[in-house]
Amino acid sequence: MNDFSTSASVAEPLLVARQIKKVFGTGAGEVQVLKGIDLDLKPGELTLLMGPSGSGKTTLLSILGCILTQNSGELEIAGRNTTGMSPEEMADLRRHHIGFVFQSYNLFPTLTALENVMLALDVRDQLPADAPHRAASALNAVGLSHRINTYPSKLSGGEKQRVAIARALAGSPSVILADEPTAALDSENGQAVMALLAEVSRDTSRAVLAVTHDHRTLKYADRIIRIEDGFIVGDERPSQGEIVNHNSVGEHAAAAANGSHDHV
Ligand SMILES: Nc1ncnc2c1ncn2[C@@H]1O[C@H](COP(=O)(O)OP(=O)(O)OP(=O)(O)O)[C@@H](O)[C@H]1O
């Protein structure tokens, strides 16, 4: 239905979203949260997603990560269009191609750093034979090789988030989605975590998208997307001075009224 091959970039996008719309509730309680989101994530880039509270950032991240299903629109991850996929197929796609990082780390307190990372490799209750080695390499990649046997309670906030990033990395995902990864950290640790995500995104087989309110982390971004009231209102590449699609919500609303954005 949609054309997924319109990118002018040399590298093929790892994630393509076209006209994603999402509604919560029904009848008088219906809220249209996403109103037609188009987004491509290319490998080797850290993209930051910013916008006011309630603008739809977490909802969009959940849909891109195959946790939540859109009402309409298409999503393609690592070349696979999710339209018509069963919940099992979506879960499989998520396991193999998406890594998540959350504000609150989501580590199991009774497991060591190594065991927490190994959990990400546990597919259908079966750990691959090389799981300890892969988990240790992921922890090494985030600078925590000296902490592999430490429990979360003995780690600083910044170290916990590094373990969470190692866990996201361990399965070699195509896309890492991070929801306010620096929100619980002080300035120094927040910047270190964003610098790490920027480093992780340099892998040319991976794209990183991070929701943030933290303006101190903007300098690490290759690209900054702004969302307001369910529309993308800005798409900038700061280092290239490029600003694309910088429309106001009012213009989007006018376009919607003229039929450019279909109602769900
Ligand atoms: N499961 C749900 N049921 C009903 N409404 C929901 C649900 N999830 C989110 N919403 C509503 O959708 C809107 C967007 O929420 P979302 O969490 O995506 O925003 P956000 O931009 O991430 O906000 P914040 O920056 O505060 O985290 C909000 O109005 C929220 O109340």
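See the structure printed just above.
Remember, predicted model here, so these are calculated numbers, not experimental data. (Residues numbered from 1 in each chain as written. Predicted model: local features only at pLDDT ≥ 70, side-chain atom pairs only at ≥ 80, totals over all residues. Heavy atoms only, no water.)

**Student:** Which parts of the structure should I look at to understand the environment of proline 87?
**Tutor:** If you trace the backbone, proline 87 turns up in helix 2 (residues 87–97). Taking the C-alpha atoms as reference, proline 87 lies 9.2 Å from cysteine 66; in sequence the two are 21 residues apart. (Helix = DSSP H or I, 4+ residues; strand = E, 2+ residues; numbered from the N terminus.)

**Student:** Sorry, what's going on with the side chain of glutamate 159 here?
**Tutor:** Inspection of the secondary structure assignment puts glutamate 159 in helix 5 (residues 157–170). Each residue touching glutamate 159, except ones within four places of it in the same chain, is listed here: Leu144, His146, Arg147 and Lys154. (Contact = heavy atoms within 4.5 Å.)

**Student:** How should the packing of helix 4 (residues 131–141) against helix 5 be read in this particular structure?
**Tutor:** A packed helix pair is summarised by two numbers, namely the angle formed by the two axes and the spacing between the axes. Helix 5 packs onto helix 4 with a crossing angle of 130 degrees between their chain directions and a minimal axis gap of 8 Å. One way to sum up the angle between helix 4 and helix 5 is to call them oblique. For helix 4 against helix 5, the interelement crossing comes out right-handed. Of the residues in helix 5, those in contact with Arg134, Ala138 and Leu139 of helix 4 are Val163, Ala166 and Ala170. Class assignment of the residues belonging to the contact of helix 4 with helix 5 gives a composition of five nonpolar, no polar and one charged. (Axes fitted to C-alpha atoms, helices over the stretch in contact; angles between N-to-C directions. Parallel < 35°, antiparallel > 145°, perpendicular 65-115°, else oblique. Left-handed = near helix turned anticlockwise from the far one by under 90°. Nonpolar A, V, L, I, M, F, W, Y, C, P; charged D, E, K, R; others polar.)

**Student:** Help me understand the sheet that holds strand 4 (residues 72–77) in this model?
**Tutor:** Sheets are built from strands that pair by backbone hydrogen bonding, the pairs being arranged parallel or antiparallel. The strand order 2-1-4-5 describes an open sheet built from four strands, whose pairing is antiparallel. Edge positions in the sheet fall to strand 2 (31–41) and strand 5 (80–81), since each of these pairs with one other strand and no more. One ladder, built from eight bridges, connects strand 1 (residues 15–24) with strand 2; its direction is antiparallel. Paired with lysine 21 across the strands is lysine 35, a residue of strand 2. Running at roughly 55 degrees to strand 2, helix 1 (residues 57–64) makes contact with strand 1, strand 2 and strand 4 of the sheet. (Pairing = 2+ DSSP bridges.)

**Student:** It is not clear to me how the environment of glutamate 30 should be interpreted in this structure. Could you clarify?
**Tutor:** Structurally, glutamate 30 can be placed in the loop between strand 1 and strand 2. What makes glutamate 30 partly exposed here is its relative accessible area of 46%. The contacts of glutamate 30, once residues within four sequence positions are left out, are Val23, Phe24 and Gly25. (Buried < 20%, exposed > 50% of the residue type's maximum accessible area, 1.4 Å probe, protein only.)

**Student:** Even after reading the chapter, I still don't get the site of the ligand, so can you show me in this structure?
**Tutor:** For the ligand, the full set of nearby residues is Phe24, Val33, Pro52, Ser53, Gly54, Ser55, Gly56, Lys57, Thr58, Thr59, Glu180 and His213. Contact between the ligand and histidine 213: an oxygen atom at 3.1 Å from a side-chain N or O atom of the residue. For the ligand, the accessible surface in isolation is 630 Å², of which the surrounding protein chains cover 56%. With three residues, helix 1 is the single largest residue contributor to the shell around the ligand. A per-class count over the shell around the ligand returns three nonpolar, seven polar and two charged. (Near = heavy atom within 4 Å. Polar contact = N/O pair within 3.5 Å; in protein donor to acceptor, adjacent residues only side chain to side chain. Areas by Shrake-Rupley, 256 points an atom, 1.4 Å probe, with all protein chains shown as cover.)

**Student:** Explanation requested: the packing of aromatic side chains in the structure shown.
**Tutor:** How two aromatic rings sit relative to each other is set out by the distance from centre to centre and by the angle between their planes. Under the counting rule described, the total for this entry stands at one aromatic pair. Arranged with centres 5.8 Å apart and planes meeting at 15 degrees, the rings of phenylalanine 100 and phenylalanine 102 form a pair that is stacked. Overall, the relative accessible area of 18% leaves phenylalanine 100 in the buried class. Relative accessible area serves as the criterion here: at 29%, phenylalanine 102 is assigned to the partly exposed category. (Phe/Tyr/Trp six-rings, centres within 6.5 Å; stacked < 30°, edge-to-face > 60°.)

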